Amino acid sequence: MRFLKQLVPVAVVAFAGSTIVGAVQGSPLLTLLLGVATAVLTVLVYARVVRWSERRVPAEVATQGAARAVGRGVLIGAGMFAAVIVNIALLGGYRVDGLGSVTGAIGLLGFMAAAAVTEELIFRGILFRIVEERTGTWMALALTGLLFGLSHLSNQHASLWGAIAIAIEAGGMLAAAYAATRTLWVPIGVHFAWNFTAAGIFGAEVSGNGAPEGLLHGVTSGNALLTGGEFGPEASLYAVLFGALLMIVFMWLARRRGNVVPLRRSARSGATATLAQ
């Protein structure tokens, strides 16, 4: 019941806000304002329902230190995607074919802010956190990472490989970022910067959702395993490699800081019984 008490209100606000933001994408300024408003409102609703259902202060979205945590996440996310696109470009798989649109990039700021915040609150703030309490960190990371990847199968140019790539480089990595820091602001910053750097700066397709109008008009071509094909660079082997490496680093930090919840006895027994069958 605690799961539903948190998920339903947050999901409703996220869905309503995302629908409104999507409807005004023709207006960059409105998209920016409504996207930021959706992000802020969703955080407030999340904090309220956690206080109500768990009788605790939601430290994972505390305002103190939030700006620094988001900033660290932004640097990591932007650096990670820049590394991916540079490696693809070195092999001739990405080129800049002129300038894009400044106003388009402004609109993407709001759109990506709404997407990053709502997805992190739902997948890491609610799903991962509650599943982790019952199964442990590693199993929660695997289960919610897989679910996050599968949630992208409904996108326009979705593919099974793209969903698997997202599960590893984003689902697993972002859950590890939360486990290492125990704040949602770092994964929110990583998620936002990754998406905005891809679409808003390099003009690359994000998760199979079509090519956006970013600051640059980017063109990818060549081997789909290296460029990501129609799904975008997130389906590139480079993205999977860098995401997996970052996940390992975050989990090393989580273990060093004593933030890894061990596998619960009930979960271990269930997994053993499944293997026996």
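Conventions used here
In every chain, residue numbers begin from 1 and rise along the written sequence. Only residues with pLDDT of at least 70 get local features here, since the model is predicted, and only at 80 or more are side-chain atom pairs given and counted; chain-wide, interface and lining totals rely on the full set of residues. Calculation of side-chain values draws on the structure's entire complement of heavy atoms; hydrogens and water are dropped beforehand. Secondary structure elements follow DSSP: runs of H or I no shorter than four residues count as helices, runs of E no shorter than two count as strands, and numbering proceeds from the N terminus. Atoms counted for the radius of gyration: C-alpha only. Globule rule: 2.2 Å times residue count to the power 0.38. Accessibility here uses a 1.4 Å probe with only protein chains present; expressed as a share of the type maximum, an area under 20% marks a residue as buried, one over 50% as exposed, and anything in between as partly exposed. Contacts are assigned to residue pairs that have any heavy atoms within 4.5 Å of one another. Values of accessible area rely on a 1.4 Å probe in the Shrake-Rupley scheme; residue burial ignores everything except the protein chains shown. Charge counting treats Lys and Arg as positive and Asp and Glu as negative, with His and both chain ends excluded. By convention, the charge on Lys lies at NZ, on Arg at CZ, on Asp at CG and on Glu at CD. Definition of a polar contact: a pair of N or O atoms within 3.5 Å, with one able to donate and the other able to accept a hydrogen when the atoms are protein atoms, and with sequence-neighbouring residues admitted only if both atoms are side-chain atoms. Here, a salt bridge means any Lys or Arg side-chain nitrogen found within 4 Å of an Asp or Glu carboxyl oxygen. Each nonpolar core is a collection of buried residues, namely Ala, Val, Leu, Ile, Met, Phe, Trp, Tyr and Cys, held together in the definition by side-chain atoms within 4.5 Å. Classification of ring pairs rests on two measures: the distance between centres of Phe, Tyr or Trp rings, Trp counted by its six-membered ring, which must be within 6.5 Å, and the angle between planes, read as stacked under 30 degrees, edge-to-face over 60 and tilted in between. For a helix, the expected span equals 1.5 Å multiplied by the residue count minus one. Bend, at a single residue, is the angle you get between axes fitted to the 7 residues ending at that residue and the 7 residues starting at it. Only residues whose relative accessible area exceeds 30% and that take part in no salt bridge are eligible for patches, with like-charged residues grouped when within 9 Å of each other and nonpolar side chains (Val, Leu, Ile, Met, Phe, Trp, Tyr) grouped when within 5 Å.

Visitor: Looking at this model, I keep getting lost on the overall build of the chain. Mind explaining?
Guide: Looking only at helices and strands, the chain features 10 helices and 2 strands. Counting from the amino terminus, the chain carries its helices and strands in the arrangement α-α-α-β-α-α-α-α-β-α-α-α. Rg of the C-alpha trace for the chain: 18 Å, near the compact-globule value of 19 Å for 277 residues, within the 12% margin. For the C-alpha atoms alone, the extent of the chain along its principal axes is close to 55 × 40 × 35 Å. Per-residue burial over the chain gives 48% buried out of 277 residues. Within the chain, contacts between residues separated by at least 24 positions form 77% of all contacts whose residues are at least 6 apart in sequence. Accessible area for the chain stands at about 13,100 Å²; split by element, carbon and sulfur atoms hold 68% of it. The averaged location of the 12 negative side-chain charges in the chain is 18 Å from the averaged location of its 19 positive side-chain charges.

Visitor: Sorry if this is basic, but what is going on with the side chain of Glu 54 here?
Guide: Looking at the element boundaries, Glu 54 is found in helix H2 (residues 28-54). In this structure the side chain of Glu 54 is engaged in a polar contact, spanning 2.5 Å, whose partner is the side chain of Arg 56.

Visitor: Which parts of the structure should I look at to understand the pattern of salt bridges?
Guide: The tally for this structure, following the rule as stated, stands at 9 salt bridges. Between Arg 56 and Glu 60 there is a salt bridge, with its nearest N and O atoms 2.9 Å apart. Of the residues examined, Arg 56 reaches a relative accessible area of 26% and is grouped as partly exposed. A single salt-bridge network, built from bridges that share partners, covers Arg 2, Glu 54, Arg 56, Glu 60, Arg 129 and Glu 133.

Visitor: Could you clarify how one ought to interpret the nonpolar core in this entry?
Guide: Side chains of nonpolar character tend, in soluble globular proteins, to be buried together. Formed by 65 residues in total, the largest nonpolar core has its most connected members in Val 10, Tyr 46, Val 61, Leu 121 and Met 173. The set of elements that each furnish at least two residues to this core consists of helix H1 (2-23), H2, helix H3 (66-90), helix H4 (102-135), helix H5 (137-150), helix H6 (160-181), helix H7 (185-201) and helix H9 (237-256). Looking at this core element by element, the count peaks at 11 residues for H4. Discounting chain neighbours no more than four positions away, the residues touching Tyr 46 are Val 10, Glu 60, Val 61, Leu 121, Gly 125, Ile 126, Arg 129 and Leu 184.

Visitor: Is there a simple way to explain the packing of aromatic side chains in this structure?
Guide: Centre-to-centre distance and the angle between the planes together describe a pair of aromatic rings. This structure, assessed with the given rule, holds 7 aromatic pairs. Measuring from centroid to centroid gives 6.1 Å for Tyr 94 and Phe 202, while their planes differ by 80°, and the two rings are edge-to-face. You can see Tyr 94 sitting in strand E1 (residues 94-99) and its partner Phe 202 sitting in the loop between H7 and strand E2 (216-220), a full 108 residues away along the chain. Residue Tyr 94 shares its accessibility class with Phe 202, and that shared class is buried. Aromatic side chains Phe 128 and Tyr 178 sit 5.9 Å apart centroid to centroid with 85° between the ring planes, which places their arrangement in the edge-to-face category. On the criterion of sequence distance, the pair formed by Phe 128 in helix H4 and Tyr 178 in helix H6 is long-range, its members being 50 residues apart.

Visitor: I keep staring at H4 and nothing clicks. Help me out?
Guide: Think of an α-helix as 3.6 residues a turn; residues three or four steps apart then line up on the same face. Its 34 residues give H4 an end-to-end C-alpha distance of 46 Å, which sits within 8% of 50 Å, the value for a rise of 1.5 Å per residue. Residue Phe 128 marks the point of greatest curvature in H4, where the axis turns by about 30°. The buried fraction of H4 is high, at 25 of 34 residues.

Visitor: Looking at this structure, I do not really get unusual backbone geometry. What am I missing?
Guide: The phi torsion of most residues other than glycine is negative, and most of the peptide bonds are trans. Located in the positive-phi region is Arg 55, a residue other than glycine, with phi close to 55°. The phi dihedral of Arg 182 is positive, around 55°, even though this residue is not glycine. With respect to the helices and strands, the residue Arg 182 is situated in the loop between H6 and H7.

Visitor: It is not clear to me how a nonpolar patch on the surface should be interpreted in this structure. Could you clarify?
Guide: A surface patch of nonpolar side chains, amounting to about 870 Å² of accessible area, comprises Leu 91, Leu 146, Leu 150, Leu 153, Leu 160, Trp 161, Ile 164, Leu 225, Leu 226 and Leu 237. If you list the elements that add at least two residues to the nonpolar patch, you get H5, H6 and helix H8 (224-227). Looking at which element gives the most residues to the nonpolar patch, the answer is H6, with 3 residues. Mapping Leu 91 onto the fold places it in the loop between H3 and E1.

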